[in-house]
Amino acid sequence: MKLVTYRRHVEAAARLGAIQDDRVVDLAKLGAASGVDLPSTMLEFIDLGPDAVAVAAQLLADCGERFPLGSALPLADVKLLAPIPRPRKNIFGIGLNYTEHVAESAQSLDTSPDLPRQPVIFSKPPTTVIGPDEPIRHNGAITQQLDWEVELAAIIGTTARRVAREDALKHVFGYSLVIDMSARDNRRAGQWIYSKGQDSYAPMGPCIVTADEIPDPQTLDLALWVNGVEKQRSNTAYMLFKVDELVADISAGITLEPGDIIATGTPAGVGAGRSPQEWVWPGDVIEAELQGIGRLRHPVVKV
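Residues numbered from 1 in each chain as written. Predicted model: local features only at pLDDT ≥ 70, side-chain atom pairs only at ≥ 80, totals over all residues. Heavy atoms only, no water.

1. Considerations on the overall build of the protein
So, point 1. In terms of helices and strands, the protein carries seven helices and 19 strands.
So, point 2. What you see for the protein is a C-alpha radius of gyration of 19 Å, in line with the 19 Å of a compact globule of 303 residues.
So, point 3. Taking the principal axes of the C-alpha coordinates as reference, the protein spans close to 60 × 45 × 30 Å.
So, point 4. The buried share of the protein, reckoned over its 303 residues, is 55%. (Helix = DSSP H or I, 4+ residues; strand = E, 2+ residues; numbered from the N terminus. Rg over C-alpha atoms; globule rule 2.2 N^0.38 Å. Buried < 20%, exposed > 50% of the residue type's maximum accessible area, 1.4 Å probe, protein only.)

2. Digging into the packing of aromatic side chains
So, point 1. Summed over all chains, the structure comprises two aromatic pairs.
So, point 2. Residue placement shows Arg188 over the ring face of Tyr194; its charged tip is 3.9 Å from the ring centre.
So, point 3. Geometry around Trp225 places Arg295 over its ring, the cationic atom sitting 4.1 Å from the centre. (Phe/Tyr/Trp six-rings, centres within 6.5 Å; stacked < 30°, edge-to-face > 60°. Lys NZ or Arg CZ within 6 Å of the ring centre and 35° of its normal.)

3. Section: helix α7 (residues 243–251)
So, point 1. For α7, the buried fraction is high: seven of the nine residues fall into the buried class.
So, point 2. Taken as a whole, α7 has its buried residues at Val243, Asp244, Leu246, Val247, Ala248, Ile250 and Ser251.

4. As for the sheet that holds strand β18 (residues 285–290)
So, point 1. Ordered in space as β9-β19-β18-β15-β16, the five strands form an open sheet in which the pairing is mixed. Lying at the two open borders of the sheet, with one neighbouring strand each, are β9 (136–138) and β16 (229–235). Sheet twist, expressed as the mean angle between neighbouring strand axes with direction ignored, is 15°.
So, point 2. Sheet analysis places β9 next to strand β19 (residues 294–302), joined by three bridges and oriented parallel. From the neighbouring strand, Ile136 faces β19, where its bridge partner is Val300. (Pairing = 2+ DSSP bridges. Axes fitted to C-alpha atoms, helices over the stretch in contact; angles between N-to-C directions.)

5. Some details on the nonpolar core
So, point 1. Within the largest apolar cluster, 51 residues are counted, with the highest numbers of intra-cluster contacts made by Tyr175, Val247, Ile262, Ile286 and Ile293.
So, point 2. Every residue in contact with Ile293, bar those within four places of it in the chain, is listed here: Lys2, Leu152, Tyr175, Ser176, Leu177, Gly205, Pro206, Cys207, Val209 and Ile214.
So, point 3. Membership of the second largest hydrophobic core comes to 32 residues, among which are Met1, Ile46, Val53 and Ile208. (Core = buried A, V, L, I, M, F, W, Y, C linked by side-chain atoms within 4.5 Å. Contact = heavy atoms within 4.5 Å.)

6. Some words on the environment of Val36
So, point 1. Within the fold, Val36 resides in the loop between α1 (27–33) and α2 (42–47).
So, point 2. Remark: the alpha-carbon pair of Val36 and Val10, spanning 26 residues in sequence, is separated by 28 Å.
So, point 3. Those residues in contact with Val36, other than ones at most four positions away along the chain, are Gly31, Val55 and Leu59.

7. Some remarks on a nonpolar patch on the surface
So, point 1. Together, Ile142, Ile193 and Tyr194 make up a nonpolar patch on the protein surface, roughly 230 Å² of accessible area in all.
So, point 2. Summarising the element assignment, Ile142 is placed in the loop between β9 and β10 (146–147).
So, point 3. Overall, the relative accessible area of 31% leaves Ile142 in the partly exposed class. (Patch = residues over 30% accessible without salt bridge, like charges linked within 9 Å, V, L, I, M, F, W, Y side chains within 5 Å. Areas by Shrake-Rupley, 256 points an atom, 1.4 Å probe, with all protein chains shown as cover. Salt bridge = Lys/Arg side-chain N within 4 Å of Asp/Glu carboxyl O.)

8. Considering the environment of Pro113
So, point 1. Along the chain, the position of Pro113 falls in the loop between α4 (99–108) and β7 (120–124).
So, point 2. Overall, Pro113 belongs to the exposed group, its relative accessible area being 60%.
So, point 3. Spatially, the C-alpha atoms of Pro113 and Thr99 are 9.6 Å apart, while their sequence positions differ by 14 residues.

9. Considering unusual backbone geometry
So, point 1. Backbone torsion omega between Gly205 and Pro206 reads -5°, so that peptide bond is classified as cis.
So, point 2. Note that Pro206 resides in strand β14 (residues 202–210).
So, point 3. For the bond running from Ser275 to Pro276, omega is 0°, close enough to zero to count as cis.
So, point 4. The phi torsion at Asp21 lies on the positive side, around 55°, for a residue other than glycine.
So, point 5. Of note, Asp21 is situated in the loop between β2 (15–20) and β3 (23–26).
So, point 6. A positive phi angle, near 55°, is found at Arg162, a position not held by glycine.
So, point 7. Tracing the sequence through the fold places Arg162 in the loop between β11 (150–156) and α5 (165–168).

Here is the structure:
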């Protein structure tokens, strides 16, 4: 399933939906029409575990093209939000997770040219998350080096504590697209959270695709454009540490809980790695795409 968080109009509450062709089906309303109690928010749905996905999928299949009155809306008539508008915890970010990005970072960002022996982990606060078409904020008083990174995000579905790699993907609820914005001139003594953790620095969406539809997350094309010019294009096959390795590594010391998000790193092509270096500015537009999940578009605005 492609799951979204949507709002019908500005004043309406955010609700959980499933995309069916050109419509959004409200899962709580669909369930109520069938005598099944389904929640109205993404995190509550994730909390129910894998059985909820199976139940919702069956309800959708049973309807075919005839959904209960009031449960389906044209996709064009709703506003999509970030699938998880407010994560419960910081996003787990993974740095230097594609070989060519390691090389370009070593040339421009003073990181080691050696491939990491363990995942490089940082975090992005919940306040970084924005949804489709929302503006990325450029604060010129803080940064003159705002950069882009397209990434696959893995969303945890069941608690993972010291899990083995071979069991790790069983704990993944689904996958989404994240743009890891980075103020390169805001790194502090080697620490990245201020550089990567400012408001609006984690555009996310447009949906979460449940893990049953992406049995192998290491086969997905991903790309990013600035003002229509392609800057990044690669495939998740080229990750140094695959999704199952990341879940196993993090859970060895930090319990992963339902709704936790792992942004799995970016391929080469970031602005800092170019000659001359390139940055984004107010008026620019960033677009990113991830195979099987969708596309994001975000204007950069001055604050």
